[in-house]
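Architecture at a glance
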Amino acid sequence: MGVQVDQLMQLLHTSMAESLRVLAVLSEVELDEACEHVCAMGGVVRDLLTHNIDHERMHVGQVYSARYSLRKMQKNEVDRLMVETLRARTDLIAALIGLPDDALDARTPADE
């Protein structure tokens, strides 16, 4: 990876952490408040946030298309392992969102 790509990845990581901190304290009521941002398209905060998610996915498509056109696919085994490690860890973090602390060590019927 180049220096610029590494810096961009770090910036995106920092931005994601900050976004999650802000989102974590939003209430359902706040999600339904009117939003003046143009990307909310006259809707509410929830509309802006879902727009942003879709926008990120569009950028992913753009990067994959550019990689393909430039013949810069992730063929290196280390790159692939990094990608899959990141995906697995992100899936684990996503599974934990909204789980109360007391559920972490709770016994389930399968445990008994």
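Before any of the text, the structure's been laid out above.
Presented here is an overview of the structure given in this document. (Residues numbered from 1 in each chain as written. Predicted model: local features only at pLDDT ≥ 70, side-chain atom pairs only at ≥ 80, totals over all residues. Heavy atoms only, no water.)

1. Observations concerning the side chain of glutamine 74
Looking at where glutamine 74 falls in the secondary structure, it is placed in the loop between helix H3 (45–69) and helix H4 (77–96). Of the residues examined, glutamine 74 reaches a relative accessible area of 18% and is grouped as buried. (Helix = DSSP H or I, 4+ residues; strand = E, 2+ residues; numbered from the N terminus. Buried < 20%, exposed > 50% of the residue type's maximum accessible area, 1.4 Å probe, protein only.)

2. Thoughts on H4
The terminal C-alpha atoms of H4 lie 29 Å apart, and with 20 residues this matches the ideal 28 Å at 1.5 Å per residue to within 8%. The backbone nitrogen of valine 78 has a side-chain oxygen 2.7 Å away, supplied by the residue at the start of H4, namely asparagine 76. Phi for glycine 98, located one or two positions after H4, is positive at around 85°. (Expected span 1.5 Å × (residues − 1). Polar contact = N/O pair within 3.5 Å; in protein donor to acceptor, adjacent residues only side chain to side chain.)

3. Side note on the nonpolar core
Note on soluble globular proteins: their nonpolar side chains tend to be buried together. Counting residues in hydrophobic clusters, the biggest one holds five residues: Leu31, Cys35, Ala40, Val45 and Leu48. With residues near it in sequence (within four places) discarded, alanine 40 still touches Cys35, Asp47 and Leu48. (Core = buried A, V, L, I, M, F, W, Y, C linked by side-chain atoms within 4.5 Å. Contact = heavy atoms within 4.5 Å.)

4. Focus: the pattern of salt bridges
Using the criterion set out here, one finds five salt bridges in the structure. The residue glutamate 28 makes a salt bridge to arginine 46 at a minimum N-O spacing of 3.2 Å. Taken together, the positions of glutamate 28 in helix H2 (residues 28–31) and arginine 46 in helix H3 put the pair 18 residues apart, joining distant regions of the chain. Judged by relative accessible area, arginine 46 falls into the partly exposed class, the value being 30%. The salt bridge partner of arginine 87 is glutamate 84, with a shortest N-O separation of 3.1 Å. Taken together, the residues arginine 87 and glutamate 84, both in helix H4 and three residues apart, mark about one turn of the helix. Relative accessible area serves as the criterion here: at 41%, arginine 87 is assigned to the partly exposed category. (Salt bridge = Lys/Arg side-chain N within 4 Å of Asp/Glu carboxyl O.)

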